[in-house]
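Descriptive structure summary
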Amino acid sequence: MTLDEVMAKLEAMGTEQTKKTFLRHGAPEPLFGVKIGDLKKLVKEVKKDQQLARALFDTGNSDAMYLAGLTVDPSVMTKELLQSWAQKASWHMIVECTVAGVAAESPYALELAREWMASSEELIATCGWSTYLHYISITSDEKLDIEELRRMLALVESTVHQERNRVRYVMNQFVIVVGSYVLALHDEAMRVAEAIGKVQVNMGETACKVPEAAAYIRKVKAAGKLGAKRKTCIC
């Protein structure tokens with residue numbers, strides 16, 4: 001498929017209601033308002049055309065950017081291209097899902113996560129924390145730096161309530177992911193979750209709520225899913 005053909009399909013699949021929903025969540029124009037489930041239906045048609053995936057992301061259209069993340073091959077992404085994607089990402093869904101998911105499955109996951117977390121730009125820092133937590137969800141505990149994760153938990157505990165809005169959100173998610181996926185740090189993550197309590201995040205004109213970390217981790221434990229790694233974090 002050509003870029004024009006894909007964009008025409010996206011436009012036809014978009015609805016005003018979905019567009020309004022994304023706008024309320026913080027999405028900027030341009031976008032058509034295509035449901036994520038419908039975007040996934042296009043993956044088989046776009047296939048793994050890397051040039052097309054990159055062209056889709058470069059349009060700046062939110063729907064196209066998300067589709068690019070579903071079809072690109074993370075293993076062939078360069079560090080420079082990932083950095084470019086992080087800079088071009090226009091809002092938190094693209095940052096936290098698309099860019100972070102692709103980066104987490106790339107050869108540069110930890111390198112970029114650490115670099116981005118230290119950024120003074122809110123969305124870039126958000127991308128860093130998201131990349132790391134996605135990486136944790138797909139990586140065996142034996143390959144994780146447990147001491148680094150322990151330091152990161154301590155950082156969340158001491159700074160989360162003073163951090164920038166979306167950084168607060170992903171820091172809270174980080175605690176949930178460590179407590180749910182890393183057995184060696186489950187108890188420590190639970191302690192941090194209890195210590196930070198409810199994290200306040202401005203979710204805009206939506207009914208979305210920030211999950212309370214300790215309660216979420218308990219649900220995962222009750223379901224018998226502690227330590228169960230994911231096959232992919234791109235979805």
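Scope of this entry: the structure provided in the associated data block. (Residues numbered from 1 in each chain as written. Predicted model: local features only at pLDDT ≥ 70, side-chain atom pairs only at ≥ 80, totals over all residues. Heavy atoms only, no water.)

**Some points on the overall build of the protein chain**
The test is simple: By the criteria applied, helices consist of DSSP H or I runs no shorter than four residues and strands consist of E runs no shorter than two, each listed in order from the N terminus. Taken over C-alpha atoms, the radius of gyration is set against a globule rule of 2.2 Å times the number of residues to the power 0.38. Per-residue accessibility, obtained with a 1.4 Å probe over protein chains only, is compared with the maximum for each type, and a residue is labelled buried under 20%, exposed over 50%, and partly exposed between these values. Here a residue-residue contact requires only that any non-hydrogen atoms of the pair lie within 4.5 Å. Each accessible area is a Shrake-Rupley estimate made with a 1.4 Å probe; only the visible protein chains count as cover when residues are assessed. Working convention for charge: Lys and Arg count positive, Asp and Glu count negative, and His plus the chain ends are omitted. The atom standing in for a charge is NZ when the residue is Lys, CZ when it is Arg, CG when it is Asp and CD when it is Glu.
Secondary structure summary: the protein chain contains 14 helices and 0 strands in total. Shown N-terminal to C-terminal, the secondary structure of the protein chain runs as helices and strands in the order α-α-α-α-α-α-α-α-α-α-α-α-α-α. Taken against the 2.2 N^0.38 rule, which gives 18 Å for 235 residues, the C-alpha radius of gyration of the protein chain at 18 Å falls within 12% of a compact globule. Dimensions of the protein chain along its principal axes, counting C-alpha atoms only, are 50 × 35 × 35 Å. Residues classed as buried in the protein chain amount to 49% of the 235 residues present. For the protein chain, contacts bridging at least 24 residues in sequence account for 71% of all contacts bridging at least 6. Split by element, the accessible area of the protein chain, about 11,000 Å² in all, is 53% carbon and sulfur. Of the side chains in the protein chain, 30 bear a positive and 30 a negative charge, and the two mean positions are spaced by 6 Å.

**Details of the pattern of salt bridges**
Close approach of charged atoms lets side chains of opposite charge pair. Rule in force here: Only one rule defines a salt bridge in this text: a Lys or Arg side-chain nitrogen within 4 Å of an Asp or Glu carboxyl oxygen.
Under the criterion given, the structure shown has 13 salt bridges. Across the salt bridge formed by Arg114 and Glu148, the nearest N and O atoms sit 2.9 Å from each other. Placement of Arg114 in helix 9 (residues 109-117) and of Glu148 in helix 11 (residues 146-159) is noted, with a sequence separation of 34 residues between them. Here Arg114 falls in the partly exposed class, since its relative accessible area comes to 37%. A relative accessible area of 11% means that Glu148 is categorised as buried. It is possible to trace a salt-bridge network through shared partners that takes in Glu147, Arg150 and Glu188.

**Describing the environment of Lys198**
Take Lys198: it is sitting in the loop between helix 13 (186-196) and helix 14 (213-222). Put simply, Lys198 and Ala113 are 85 residues apart on the chain and 25 Å apart in space, counted from C-alpha to C-alpha. Discounting residues that sit within four places of it in the chain, Lys198 has contacts with His161 and Val210.

**A word on the packing of aromatic side chains**
How we decide: When two rings of Phe, Tyr or Trp (its six-membered ring) have centres within 6.5 Å they constitute a pair, described as stacked for plane angles under 30 degrees, edge-to-face for angles over 60, and tilted for the intermediate range. For a ring to carry a charge above it, either NZ of a lysine or CZ of an arginine must fall within 6 Å of the ring centroid while also lying within 35 degrees of the normal to the ring plane.
Tallied over the full model, the rule gives 5 aromatic pairs. A ring pair is formed by Trp129 and Phe174, whose centres lie 5.2 Å apart and whose planes are at 85 degrees; its orientation type is edge-to-face. Taken together, the residues Trp129 in helix 10 (residues 122-138) and Phe174 in helix 12 (residues 165-181) connect sequence positions 45 residues apart. With respect to class, Trp129 is no different from Phe174; both count as buried. Note that Arg166 overlies the ring of Tyr169, its terminal NZ or CZ placed 4.3 Å from the centroid.

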